[in-house]
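# Summary of the model geometry
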Amino acid sequence: QFASMRESTYGNHWNGGSLYNFTGLLGRGAFATVYRIQTKKEGDLYAAKELDKRRFIKNGVLDLKFDSELNIMKNLKHPNIVNYIDCHNYQHWIYILMEFVPYGELAQQLRNRGAIPEADVQQIAKQILHALDYLHRRNITHRDIKPDNILIASLNPLIVKLSDFGLSKCVTDQETFLKTFCGTLLYCAPEVYPDYGNYTQGSGPKRRRGLGEAASKPPPSPYDQSVDMWSFGAVIFHLLCGKPPVTGRGDDRGAQMLNNIMTKEVDFEPLRQEGISEAAVDFIARLLNRNPASRPKEAECLQHPWLRDVPDNCNYDDVEEPLADAENQLEDIDELSEDFVDDDMI
Ligand code: ATP
């Protein structure tokens with residue numbers, strides 16, 4: 001029934017061929033629609049992310065932004081990262097088949113519950129740190145750590161998985177930094193903002209910017225994996241007290257937020273008002289440090305008094321060490337791009 005509804009609403013989409021049935025809509029993002037699919041034979045569930053190739057044409061050339069997402073995902077295997085299964089091309093569409101993560105986004109939990117109990121947040125923090133450590137050791141920066149990109153795989157024991165590598169990039173050495181502006185304002189590290197130089201030089205903002213204008217300009221200085229550590233700290237803050245560390249109000253919300261993050265120290269009172277432990281406040285304060293170089297790395301975070309005695313809900317014994325040469329993480333990149341372009345292209 002769902003499949004025929006999908007056919008008539010959207011026209012010529014992939015119907016899953018001989019292997020899969022489309023059994024439900026999981027959600028829509030800025031670039032993709034994600035469906036639940038099921039193998040016809042065993043009835044196993046997967047998620048299929050559908051992307052319209054026509055949205056990636058620039059000046060007549062296919063600009064596959066998601067090419068990087070796929071190439072990153074297909075090489076990752078970690079208990080706290082959504083597992084890539086396969087990719088399928090169909091006419092205008094590309095389908096990224098992934099592990100199905102059944103309990104939705106942490107963002108939805110925040111909307112439903114306001115805040116998450118500290119013991120659960122400790123567990124989430126530990127797992128996201130394991131995922132970030134895995135990524136960063138491979139020179140991969142996620143760049144979009146937010147509650148919408150953390151999916152809940154199991155409730156008891158609590159297990160979460162990081163998803164959505166659409167904005168990730170791979171760097172192969174420490175000198176190569178990421179220069180593309182991205183991420184979500186609420187959780188974005190200050191150095192990612194285009195006008196950061198103006199603010200840090202003490203002159204204050206020369207003028208106020210709207211969110212759209214800010215987001216369309218590249219940042220002036222390079223930034224690296226420590227942007228993920230700020231975002232991680234901002235997410236933990238939000239989960240614990242139900243409010244993000246930086247906010248803005250009204251029509252001018254984007255500009256206000258930008259101004260606040262540049263000029264105001266983060267206020268930790270909302271955490272204390274919620275009765276959150278001082279160890280948690282200290283943990284977050286270290287991450288929300290304006291100086292990227294001073295932010296702690298994952299190993300240090302895992303040894304912090306707030307987390308060091310928290311038991312692991314996942315088994316990390318089978319997690320592989322990164323290859324010595326990080327460039328090998330990008331194997332088959334050309335091959336994969338050709339696959340996309342050849343098959344039934346527009
Ligand atoms: P964005 O708008 O952040 O760029 P996107 O367009 O790439 O994202 P996603 O946010 O990745 O799309 O996915 C859209 C929705 O599908 C999400 O709300 C999420 O709940 C759901 N979803 C994504 N991947 C899975 C999965 N593996 N299992 C279950 N649900 C998923």
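Our structure's up above, just so we're on the same page.
Attention in this report is confined to the structure presented alongside it. (Residues numbered from 1 in each chain as written. Predicted model: local features only at pLDDT ≥ 70, side-chain atom pairs only at ≥ 80, totals over all residues. Heavy atoms only, no water.)

### A closer look at the overall build of the chain
Keep this limit in mind: What counts as a helix is a DSSP run of H or I of at least four residues, what counts as a strand is a run of E of at least two, and both are numbered from the N terminus. When a residue's accessible area, from a 1.4 Å probe over protein chains only, is under 20% of the maximum for its type it is buried; when over 50% it is exposed; and in between it is partly exposed. Note on definitions: a residue-residue contact is assigned when non-hydrogen atoms from the two residues lie within 4.5 Å. Each accessible area is a Shrake-Rupley estimate made with a 1.4 Å probe; only the visible protein chains count as cover when residues are assessed.
Within the chain, the secondary structure is distributed over 12 helices and 11 strands. Counting the 346 residues in the chain, one finds 50% classified as buried. Taking as baseline every contact in the chain between residues at least 6 positions apart, the subset at least 24 positions apart corresponds to 69%. Roughly 16,700 Å² of accessible area belongs to the chain as shown, and the carbon and sulfur atoms make up 47% of that amount.

### Quick word on the packing of helix 7 (residues 226–241) against helix 10 (residues 278–287)
The test is simple: Where helices are involved, their axes are fitted lines through C-alpha atoms of the stretch in contact, as for all axes, and angles between N-to-C directions lie from 0 to 180°. In this scheme the crossing of two helices becomes right-handed for a clockwise turn of the near helix relative to the far one and left-handed for an anticlockwise turn of less than a right angle. Side-chain classes follow a simple rule in which Ala, Val, Leu, Ile, Met, Phe, Trp, Tyr, Cys and Pro form the nonpolar group, Asp, Glu, Lys and Arg form the charged group, and the remainder, Gly included, forms the polar group.
Running from N to C, helix 7 and helix 10 point in directions that differ by 150°, and their axes come no closer than 8 Å. Regarding helix 7 and helix 10, the two cross each other, and that crossing is left-handed. Residues Met229, Trp230, Phe232, Gly233, Ile236, Phe237 and Leu240 of helix 7 pack against Ala280, Phe283, Ile284 and Leu287 of helix 10. By residue class, the composition of the contact of helix 7 with helix 10 is 10 nonpolar, 1 polar and no charged.

### Focus on the packing of aromatic side chains
Selection criterion: Two rings from Phe, Tyr or Trp (for Trp, the six-membered ring) form a pair when their centres sit within 6.5 Å of each other. Planes less than 30 degrees apart are called stacked, planes more than 60 degrees apart edge-to-face, and all others tilted.
A full pass over the atoms with the stated rule returns 9 aromatic pairs. When the centroid spacing of 5.8 Å and the interplanar angle of 90° are considered together, the rings of tryptophan 14 and phenylalanine 22 count as edge-to-face. Taking the relative accessible area as the measure of exposure, tryptophan 14 reaches 5% and is therefore buried. When its relative accessible area of 5% is taken as the criterion, phenylalanine 22 is described as buried. A centroid spacing of 6.1 Å and a plane angle of 80° characterise the contact between phenylalanine 232 and phenylalanine 283, whose relative ring orientation is edge-to-face. Here phenylalanine 283 lies in helix 10 and phenylalanine 232 lies in helix 7, a separation of 51 residues in the sequence.

### Quick word on the pairing of strand 6 (residues 84–90)
Threshold: When DSSP finds two or more bridges between two strands, those strands count as paired.
The pairing of strand 6 with strand 7 (residues 93–99) spans 6 bridges and is classified as antiparallel. Following the sheet pairing, aspartate 86 is matched in strand 7 by leucine 97. Connecting strand 6 to the antiparallel partner strand 7 that follows it, the hairpin turn spans 2 residues, and glutamine 91 within it adopts a positive phi of roughly 50°.

### Regarding the pattern of salt bridges
So the rule is basically this: By convention in these notes, a salt bridge is any Lys or Arg side-chain nitrogen within 4 Å of a carboxyl oxygen on Asp or Glu.
In this structure the tally under the stated criterion is 11 salt bridges. In this structure, aspartate 120 engages arginine 113 in a salt bridge whose closest nitrogen and oxygen atoms are separated by 4.0 Å. Here arginine 137 and glutamate 321 are joined by a salt bridge, their closest N and O atoms 3.3 Å apart. Remark: glutamate 321 occurs in the loop between helix 11 (298–302) and helix 12 (333–342) and arginine 137 occurs in the loop between helix 4 (118–136) and strand 8 (140–141); sequence separation between them is 184 residues. Exposure remark for arginine 137: the relative accessible area of 41% places this residue in the partly exposed category. Here the residues in one salt-bridge network are Asp133, Arg137 and Glu321, joined through shared partners.

### Overview of the sheet that holds strand 1 (residues 20–28)
The strands that make up a sheet pair up through hydrogen bonds in the backbone, lying either parallel or antiparallel. With respect to topology, 5 strands assemble into an open sheet ordered 1-2-3-7-6, the strand pairing being antiparallel. With partners counted over all chains shown, the strands left at the sheet margins are strand 1 and strand 6, one partner each. Here the strands of the sheet are splayed against their neighbours by 30° on average, with no regard to which way each runs.

### A few points about the packing of helix 4 against helix 7
Put simply, the rule reads: For classification purposes, angles smaller than 35 degrees are called roughly parallel, those larger than 145 roughly antiparallel, those between 65 and 115 roughly perpendicular, and all remaining angles oblique.
Close contact between helix 4 and helix 7 brings their axes to 10 Å; oriented N to C, the two are set at 165°. With respect to helix 7, the element helix 4 is oriented roughly antiparallel. Viewed along their axes, helix 4 and helix 7 form a crossing whose handedness is right-handed. Facing Glu118, Val121, Ile124, Ala125, Ile128, Leu129, Leu132 and His136 of helix 4, the residues of helix 7 in contact are Asp228, Met229, Phe232, Ile236, Leu239 and Leu240. When its residues are assigned to classes, the contact of helix 4 with helix 7 shows 11 nonpolar, 1 polar and 2 charged.

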